[in-house]
Number of protein chains: 4
Amino acid sequence: MAMTNAETGRRPRIAQVGAIALGTPDIDESLRFFRDLLGMEEVRRDGSASYLRGYQELKHHSLVLFESDEPIVDSYCLRTERPEHVEQFADILREQGVEVLELAPGHQAGRGAAIRFLHPHSRHPFEIYYDIEAPEAPDGIRSLLPSNSSKRRGLGVRRIDHINLATAVEQVGDAELWLRETLGFRRRESMSHDGTLLSSWLAVTPQVHDIAIGAGVNNEEAQLHHVAFNLENQSDVLVAADTLRDHGVAINAGPGKHGISQGMFLYVRDPGSGHCVEIFAGGYLIFDPDWKSIDWDMEAVLSHGLSWYGDPLDTPEGSALSVTTPSSGLQSRLGSLARG
Amino acid sequence: MAMTNAETGRRPRIAQVGAIALGTPDIDESLRFFRDLLGMEEVRRDGSASYLRGYQELKHHSLVLFESDEPIVDSYCLRTERPEHVEQFADILREQGVEVLELAPGHQAGRGAAIRFLHPHSRHPFEIYYDIEAPEAPDGIRSLLPSNSSKRRGLGVRRIDHINLATAVEQVGDAELWLRETLGFRRRESMSHDGTLLSSWLAVTPQVHDIAIGAGVNNEEAQLHHVAFNLENQSDVLVAADTLRDHGVAINAGPGKHGISQGMFLYVRDPGSGHCVEIFAGGYLIFDPDWKSIDWDMEAVLSHGLSWYGDPLDTPEGSALSVTTPSSGLQSRLGSLARG
Amino acid sequence: MAMTNAETGRRPRIAQVGAIALGTPDIDESLRFFRDLLGMEEVRRDGSASYLRGYQELKHHSLVLFESDEPIVDSYCLRTERPEHVEQFADILREQGVEVLELAPGHQAGRGAAIRFLHPHSRHPFEIYYDIEAPEAPDGIRSLLPSNSSKRRGLGVRRIDHINLATAVEQVGDAELWLRETLGFRRRESMSHDGTLLSSWLAVTPQVHDIAIGAGVNNEEAQLHHVAFNLENQSDVLVAADTLRDHGVAINAGPGKHGISQGMFLYVRDPGSGHCVEIFAGGYLIFDPDWKSIDWDMEAVLSHGLSWYGDPLDTPEGSALSVTTPSSGLQSRLGSLARG
Amino acid sequence: MAMTNAETGRRPRIAQVGAIALGTPDIDESLRFFRDLLGMEEVRRDGSASYLRGYQELKHHSLVLFESDEPIVDSYCLRTERPEHVEQFADILREQGVEVLELAPGHQAGRGAAIRFLHPHSRHPFEIYYDIEAPEAPDGIRSLLPSNSSKRRGLGVRRIDHINLATAVEQVGDAELWLRETLGFRRRESMSHDGTLLSSWLAVTPQVHDIAIGAGVNNEEAQLHHVAFNLENQSDVLVAADTLRDHGVAINAGPGKHGISQGMFLYVRDPGSGHCVEIFAGGYLIFDPDWKSIDWDMEAVLSHGLSWYGDPLDTPEGSALSVTTPSSGLQSRLGSLARG
């Protein structure tokens with residue numbers, strides 16, 4: 001058993017996927033989707049940016065929406081285990097020759113100092129931070145339960161669940177290895193074909209995946225496949241399908257259940273931006289400290305890995321799931337930047 | 001508003017779809033499916049025939065399985081509102097020139113006298129009866145609740161829900177009209193193309209359909225499209241999908257939700273016979289006495305009528321849903337017959 | 001088997017419980033509850049009265065709220081099977097010496113002519129009608145599904161389910177018999193103690209109960225025990241409990257499952273009026289034409305009849321379920337009356 | 001922010017609550033409950049002991065049942081993060097003056113070497129181990145999904161969830177502190193009265209609790225309050241309540257939802273032993289690295305902490321929840337012991 005980053009205890013660690021920042025050409029329509037239909041709380045509006053969280057998130061936000069000519073991802077935001085880990089990650093990255101920007105406190109509202117850099121292989125823009133405020137929700141919507149920030153509303157999104165990155169197939173192997181070796185994610189499941197890694201599901205928590213990375217249909221780097229938000233029960237996903245269908249929100253695929261992760265899926269598109277959003281519930285948790293990655297071949301993946309039941313997810317060509325959206329480069333589209 | 005059969009009060013009435021009798025080449029495998037997986041009670045074994053019911057059915061059986069070289073339907077069994085209606089239906093049928101067999105009590109175990117005939121248009125074999133025993137379940141499985149015959153077991157089939165008949169497209173219009181005018185079913189929803197009725201959902205109860213009839217993919221008469229059994233909740237259908245998938249039962253389609261009927265569907269094939277079985281939950285109930293049939297055109301049907309969410313059901317060619325199984329002729333395969 | 005009213009075909013028949021009209025001291029707060037939390041559509045506001053329906057009701061309304069100094073029930077509204085049945089019921093009632101008021105079309109908005117009278121034993125104010133409009137919902141909330149009037153909203157109330165009447169214990173037997181003999185309701189389940197009928201569940205549809213009548217805790221006549229609204233799944237009742245709890249709506253009892261009716265229950269109080277409202281899902285349907293009423297004794301009722309699981313409902317004294325609200329007398333509080 | 005055991009990286013760590021070993025006076029009846037009703041797999045029978053696991057557990061067992069004159073807990077079994085942690089914990093314990101037994105491999109079937117000791121404050125018998133086999137399930141029940149050991153069966157128990165310990169109220173404070181300081185559990189929620197800690201919910205994983213400890217009703221040390229097993233959805237808990245009720249299994253309380261942990265609960269008693277078992281689903285996950293324990297006062301606990309909805313859990317006196325069962329002393333009742 002190889003020592004991983006997280007196990008040595010001497011290196012900085014990622015604690016969670018904290019947030020994603022999405023550019024949208026129609027922020028009002030995106031807010032109708034995320035706030036009014038999915039039920040997220042708009043914690044703060046800051047010029048052209050809106051900060052949202054699920055009803056079970058106590059911290060400031062897990063989603064930033066900002067006005068943008070095209071749908072784009074500004075940043076994938078990871079939170080560290082301890083405050084000093086942010087700078088420790090910066091040091092490690094610079095040692096690797098990765099350019100690191102230092103973002104001033106408030107670059108994203110409610111957040112402390114952070115660093116920003118591009119994944120050296122897939123060019124996805126990451127931000128790493130620790131400090132973030134935990135504002136109480138306003139009176140009218142504050143939950144009586146101290147473990148919830150607000151009352152359940154709309155379709156009941158309670159938190160961000162995971163992010164799924166797409167990139168060129170040639171990069172997947174190196175990009176995934178880097179996520180494991182440098183950021184400390186552990187591989188839980190994966191799929192390969194003829195020795196080429198096509199997709200990998202990784203986590204720093206007992207979830208099957210906090211992050212996934214795989215080959216995108218357009219074979220371009222730095223793409224968002226989807227961001228997933230978590231509901232409490234599989235039955236909530238059915239209610240979401242019912243409601244979103246009737247509100248004219250495009251359903252890419254689902255509801256159904258993945259074999260990989262055992263999560264219930266419903267892929268829809270934010271009507272304001274076209275970003276693919278997974279409405280997700282369930283999945284198994286991994287508490288075994290000696291978990292061995294489940295490595296799927298294509299035959300099994302197509303038989304029962306992608307779709308255990310429900311929508312077959314078997315038509316890559318022309319499939320609505322083949323939609324991805326690109327990412328920003330090193331410079332953030334949000335706020336003012338302090339160069340590192 | 002035309003007076004219907006049921007409303008005049010002077011004609012016999014069907015109260016419910018009581019049972020279906022299915023021939024299976026592998027009755028042990030069919031029992032493993034219906035009894036052990038779906039959780040139905042085997043009330044009686046009679047030579048090569050087995051009688052089953054759901055845990056919420058107080059009467060003797062809603063499903064008969066019998067050994068047969070090929071998968072075949074012996075009979076679609078309808079129960080009347082009152083005892084004298086059986087003979088009244090026989091009279092009406094004979095007036096129409098339909099040949100009617102009289103079945104002795106016990107032709108199906110637990111049942112009283114019945115009549116048997118072929119639908120004059122689609123040639124489906126129907127049986128009509130009133131008397132049927134209501135045996136208590138044995139001690140070990142009898143429910144504490146007097147409204148349930150037995151304790152919930154397996155995947156929780158509680159009762160037969162509806163039957164869906166297929167026939168040649170040229171017959172659908174006449175066959176459906178006959179179900180309405182002679183048997184008193186009311187049309188709740190339908191779909192047509194270029195003036196040709198393709199499918200109709202009909203009921204004598206507030207369900208959207210106790211029976212449906214439509215054009216089958218092979219365009220042959222007297223086919224079974226599927227028989228549906230009812231579960232209590234949509235979440236039960238998800239558990240059924242999970243479990244049946246893992247037991248290697250072929251899933252034709254689903255889970256998903258129909259726009260027509262608003263029912264949750266999961267189409268599977270009895271591994272012993274190949275008959276298509278729908279695991280069904282939900283649907284709306286019609287209490288309005290002046291319900292107007294919802295008549296769909298093909299565009300709306302394909303957009304959201306067949307599949308409101310979930311498996312798109314959009315590939316008639318090669319679709320597992322295109323499976324149908326044939327019916328017996330006038331002579332029943334079960335027991336001894338007394339000619340009428 | 002005795003011929004019932006509904007079977008003779010020569011007498012008028014009730015098709016459904018169509019609506020209830022509730023007086024509330026705080027109509028804004030009641031609207032917040034029924035419209036904003038439960039998700040009902042406010043079809044029309046008419047002076048101090050508001051008309052609402054569930055998303056699966058195509059007709060004008062199933063709930064009327066009107067301003068009133070105290071919480072009161074103006075009317076329990078039954079819809080007949082055919083138009084001419086309204087006048088036929090009027091004749092039968094007058095033959096019995098019951099005073100009958102004739103209500104002009106529009107007495108309740110959207111409704112045609114109706115009659116009004118007091119139950120001759122329990123003094124509950126009933127109205128009987130047939131004609132009622134079926135307005136389309138406005139663009140923004142109209143459902144794409146023709147069997148739904150509007151999109152699912154809030155906690156997903158889809159229709160009125162049943163009404164539960166309370167009266168003095170001495171009246172229950174006669175009052176229940178009258179509902180059966182004159183209005184054609186059939187008894188499905190009942191509970192008695194020492195030969196005295198304490199409660200009875202009755203229906204004209206395959207539901208276990210469209211109406212129930214029983215002894216109220218204060219032993220006063222003409223009380224409302226509760227009105228029930230129907231959700232699609234048991235899981236929806238859990239979401240309702242979660243949400244209503246967090247919005248400070250008083251939960252009387254539940255969630256839990258009744259043995260009688262097998263329905264999932266959640267009893268709450270409209271915060272505007274204090275009327276007891278049951279959030280209800282599930283229950284079994286009765287298609288057997290020869291159903292025999294299940295008559296419970298108190299031991300079984302207390303063991304598993306009232307509560308099959310969940311909240312025990314075992315504390316009549318001091319129980320929040322002991323709340324009832326009174327009814328109007330013969331004169332309606334709504335609109336203008338035309339004397340019969 | 002104080003450095004915790006788990007954060008220093010230099011000390012041994014508990015990874016998960018692995019198993020519990022329960023003595024039962026009627027092992028056949030206990031197996032009927034855990035194996036046949038709850039659906040756990042009996043992996044191995046070894047003389048008078050039976051080893052079981054949920055369908056989502058890949059390791060050898062999470063539950064040991066063994067014949068015993070009285071209901072008793074033999075051991076609460078914790079698994080470490082790394083192999084060497086077992087001996088490191090032994091060293092720490094001996095430094096504290098705690099007597100440590102060394103258990104030979106196979107002391108529990110399928111398990112490697114382990115240590116055993118009594119909690120120095122509450123006297124609960126703990127075992128700590130790392131090595132444990134991961135046997136494949138036999139052909140007939142092995143799951144097609146590699147992340148499940150077997151197919152979902154019965155009521156769908158997928159894994160052990162947590163254990164809840166009771167002890168004398170005077171010990172709770174010290175006992176809980178020791179669990180945090182020596183074993184590295186983190187407090188997530190707690191309840192106190194007049195400055196006395198009454199109960200605490202702790203975890204080494206993102207679950208709200210892997211273990212809880214609180215004052216027992218009989219105020220005796222080393223008691224089991226309950227052990228919880230995890231189902232996939234809240235709807236599964238309702239099906240479990242339905243089924244267990246009908247099989248005559250005593251329901252102590254529930255179903256309902258805790259405010260603390262937000263988990264769905266159903267407390268029942270193993271009919272073979274009387275041990276209290278919680279059928280559990282849901283709950284929130286804690287990914288925030290700076291989680292602050294939610295410390296409840298009694299008023300809030302009784303208002304919405306213990307029961308957020310459903311069974312009120314408000315009657316400590318005479319409540320079926322007041323049942324606890326005692327633990328073994330230092331010597332294990334299972335197998336042969338090698339003295340440390």
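S.K.: Would you take a moment to explain the overall build of chain A for this structure?
M.R.: Scanning chain A from terminus to terminus reveals six helices and 19 strands. Computed over C-alpha atoms, the radius of gyration of chain A comes to 19 Å, within 12% of the 20 Å expected from 2.2 N^0.38 for 340 residues, which places it in the range of a compact globule. Looking at the 340 residues of chain A, the share that counts as buried comes to 67%. For chain A, the accessible surface area stands at approximately 10900 Å², while carbon and sulfur atoms represent 46% of it. Between the mean site of the 31 positive side-chain charges and the mean site of the 49 negative ones, chain A shows a separation of 6 Å.

S.K.: Help me understand the pattern of salt bridges, please; the structure alone is not making it clear to me.
M.R.: Pairs may arise between side chains of opposite charge once their charged atoms sit close together. Under the criterion given, the structure shown has 96 salt bridges over all chains. Of the charged contacts in the structure, one is a salt bridge between Arg45 of chain B and Glu42 of chain B, with a shortest N-O distance of 2.6 Å. Its relative accessible area of 23% is what places Glu42 of chain B among the partly exposed residues. The partner of Arg187 of chain C in a salt bridge is Asp295 of chain C, with the nearest N and O atoms 3.6 Å apart. Separated by 108 residues along the polypeptide, Arg187 of chain C in strand β10 (residues 186-193) and Asp295 of chain C in strand β17 (residues 294-297) bring together distant segments of the chain. The network of salt bridges with shared partners includes Arg35, Asp36, Glu42 and Arg45 of chain A.

S.K.: Help me understand the relation of the copies chain D and chain A, please; the structure alone is not making it clear to me.
M.R.: Mapping between the two chain copies consists of a rotation about an axis together with a translation along that axis. Mapping chain D onto chain A calls for a screw motion: a turn of 180° about the axis and a shift of 0.0 Å along it, with 0.0 Å RMSD after fitting. With respect to symmetry, the two chain copies, as superposed, fit the operation of a two-fold axis. When the interface residues of chain D are mapped onto chain A, 100% of them again fall at the interface, so both copies present the same face.

S.K.: What is the right way to read the side chain of Glu232 of chain C from this model?
M.R.: Within the fold, Glu232 of chain C resides in the loop between β13 (223-230) and α5 (234-246). A distance of 3.2 Å separates polar atoms of two side chains, one belonging to Glu232 of chain C and the other to Gln234 of chain B. At a separation of 2.8 Å, a polar atom in the side chain of Glu232 of chain C contacts the side chain of Lys257 of chain B.

S.K.: How should I be thinking about helix α4 (residues 169-181) of chain D in this particular structure?
M.R.: Helical periodicity: at 3.6 residues per turn, an α-helix aligns residues three or four positions apart in one direction. Residue and element names in this part refer to chain D. If you check which residues of α4 are buried, you get Gln171, Val172, Ala175, Glu176, Trp178 and Leu179. One side of α4 carries all its buried residues, which in axial view fall inside an arc of 160°. When the buried face of α4 is taken as reference, the exposed residues oriented beyond 90 degrees from it are Glu170 and Glu181.

S.K.: Would you explain the interface of chain D and chain C in this entry?
M.R.: A common way to express how large an interface is: the accessible area buried when the components associate. The partner chain C presents 18 residues to the 18 residues of chain D that form the contact. Both sides together, the interface formed by chain D and chain C hides about 1500 Å², and carbon and sulfur atoms give 55% of it. The interface formed by chain D and chain C contains two salt bridges. The salt bridge partner of Lys257 of chain D is Asp242 of chain C, with a shortest N-O separation of 2.5 Å. Applying the counting rule to chain D against chain C returns ten residue pairs in polar contact (both at pLDDT 80 or more). When residues of the side of chain D that touches chain C are traced back to their parent elements, those giving at least two are α5 (234-246), β14 (251-257), α6 (298-305) and β18 (309-310) of chain D. Among the elements that make up the side of chain D that touches chain C, the one with the highest residue count is α5 of chain D (six residues).

S.K.: I would appreciate a short explanation of the sheet that holds strand β7 (residues 114-118) of chain C in the present structure.
M.R.: Working definition: the strands of a sheet are paired by backbone hydrogen bonds and lie parallel or antiparallel to each other. All names here are of chain C. On the basis of which strands lie adjacent, the open sheet formed by eight strands has the order β2-β3-β4-β1-β5-β8-β7-β6 and mixed pairing. Strands at the two margins of the open sheet, each flanked by one partner only, are β2 (41-46) and β6 (101-103). On average, each strand axis in the sheet is tilted by 25° relative to the strand beside it, whichever way the strands run. As judged from the four bridges shared by strand β5 (residues 72-80) and strand β8 (residues 125-129), these two strands associate in the parallel manner. In the sheet register, Cys77 faces β8, and the bridge partner there is Glu127. Set on the sheet, helix α2 (residues 27-37) makes contact with β1 (14-24), β2, β3 (49-53) and β4 (63-67); between it and β4 the angle comes to about 160°.

S.K.: Help me understand the packing of aromatic side chains in this model?
M.R.: One pass over the full model with this rule turns up 28 aromatic pairs over all chains. For the ring pair Phe33 of chain B and Phe34 of chain B, a centre distance of 4.8 Å and an interplane angle of 70° mean the geometry is edge-to-face. Classification of Phe33 of chain B by relative accessible area gives buried; the value is 0%. With 6.0 Å between their ring centres and 65° between their planes, Phe34 of chain C and Phe229 of chain C make a pair best called edge-to-face. Taken together, the residues span a long stretch of sequence, with Phe34 of chain C in helix α2 and Phe229 of chain C in strand β13 at a distance of 195 residues. On the accessibility criterion, Phe34 of chain C (0% relative accessible area) is buried. Given the relative accessible area of 0%, Phe229 of chain C is considered buried. Through a chain of ring-to-ring contacts, the aromatic side chains of Tyr76, Phe117, Phe126 and Trp178 of chain A assemble into a single cluster. A cation sits over an aromatic face here: Arg111 of chain C above Tyr129 of chain C, 5.1 Å from the ring centre.

S.K.: What's the story with helix α2 (residues 27-37) of chain D in this structure? I'm lost.
M.R.: The complete set of buried residues in α2 of chain D reads Ile27, Ser30, Leu31, Phe33, Phe34 and Leu37 of chain D. Directly beyond the C-terminal end of α2 of chain D, a positive phi value near 90° is found at Gly39 of chain D.

S.K.: What is the right way to look at the interface of chain D and chain A in this model?
M.R.: Between chain D and chain A, the residue contacts involve 47 residues of the former and 47 residues of the latter. Summed over both sides, the interface of chain D with chain A buries roughly 4200 Å², with 53% coming from carbon and sulfur. The tally of links from chain D across to chain A stands at ten salt bridges. In this structure, the salt-bridge partner of Arg79 of chain A is Asp290 of chain D, at a minimum N-O distance of 2.8 Å.

S.K.: Help me understand the pairing of β10 of chain C, please; the structure alone is not making it clear to me.
M.R.: Consecutive side chains of a regular strand alternate in pointing toward one face of the sheet and then the other. Residue and element names in this part refer to chain C. In the sheet, β10 pairs with strand β11 (residues 196-203) via seven bridges, with the strands oriented antiparallel. Across the sheet, Arg186 pairs through a bridge with Ala203, a residue of β11. From the end of β10 to the start of β11, which pair antiparallel, there are two residues, and Asp194 there has a positive phi angle of about 50°.

S.K.: Quick question: what am I supposed to make of the confidence of the model for chain A here?
M.R.: Detailed reading of predicted coordinates is not advised where the pLDDT is low. Residues and elements named next belong to chain A. This prediction gives chain A a mean pLDDT of 93; 93% of its residues lie at or above 70. Within the model, the stretch residues 1-9 combines pLDDT values under 50 with 21 contacts to residues more than four positions away or in other chains. Confidence over residues 336-340 falls short of pLDDT 50; this stretch has 15 contacts with residues more than four positions distant or in other chains. Confidence metrics for the complex model read pTM 0.95 and ipTM 0.94.

S.K.: Would you mind going over the environment of Gly274 of chain D with me for this structure?
M.R.: Residue and element names in this part refer to chain D. Secondary-structure assignment places Gly274 in the loop between β15 (263-269) and β16 (276-282). By relative accessible area, Gly274 is classed as buried at 13%. Spatially, the C-alpha atoms of Gly274 and Ile72 are 9.7 Å apart, while their sequence positions differ by 202 residues. Sequence-distant contacts of Gly274, that is, excluding residues within four places in its chain, are made with Arg269 and Val323.

S.K.: I tried to follow the sheet that holds strand β2 (residues 41-46) of chain A on my own but got confused; where do I start?
M.R.: All names here are of chain A. Strands sit in the order β2-β3-β4-β1-β5-β8-β7-β6 across an open sheet of eight strands; the sheet is mixed. Sheet topology places β2 and β6 (101-103) at the edges, where each strand pairs with a single neighbour. Strand-to-strand twist in this sheet, taken as the mean axis angle between neighbours without regard to direction, amounts to 25°. Bridge analysis of β2 against strand β3 (residues 49-53) gives five bridges, and the strand direction is antiparallel. By the bridge assignment for β3, Glu41 is matched with Arg53. Against the sheet, helix α3 (residues 85-95) touches β1 (14-24), β5 (72-80), β6, β7 (114-118) and β8 (125-129), its axis set at about 30° to β7.

So, how was this worked out
- Residues numbered from 1 in each chain as written.
- Chains lettered and ligands numbered in written order.
- Predicted model: local features only at pLDDT ≥ 70, side-chain atom pairs only at ≥ 80, totals over all residues.
- Heavy atoms only, no water.
- Helix = DSSP H or I, 4+ residues; strand = E, 2+ residues; numbered from the N terminus.
- Rg over C-alpha atoms; globule rule 2.2 N^0.38 Å.
- Buried < 20%, exposed > 50% of the residue type's maximum accessible area, 1.4 Å probe, protein only.
- Areas by Shrake-Rupley, 256 points an atom, 1.4 Å probe, with all protein chains shown as cover.
- Lys, Arg positive; Asp, Glu negative; His and termini not counted.
- Charge placed at Lys NZ, Arg CZ, Asp CG, Glu CD.
- Salt bridge = Lys/Arg side-chain N within 4 Å of Asp/Glu carboxyl O.
- Least-squares fit on C-alpha atoms with pLDDT ≥ 70 in both.
- Contact = heavy atoms within 4.5 Å.
- Polar contact = N/O pair within 3.5 Å; in protein donor to acceptor, adjacent residues only side chain to side chain.
- Arc of directions from axis to C-beta.
- Buried area = accessible area lost by both parts, 1.4 Å probe.
- Pairing = 2+ DSSP bridges.
- Axes fitted to C-alpha atoms, helices over the stretch in contact; angles between N-to-C directions.
- Phe/Tyr/Trp six-rings, centres within 6.5 Å; stacked < 30°, edge-to-face > 60°.
- Lys NZ or Arg CZ within 6 Å of the ring centre and 35° of its normal.
- pLDDT = per-residue confidence, 0-100.

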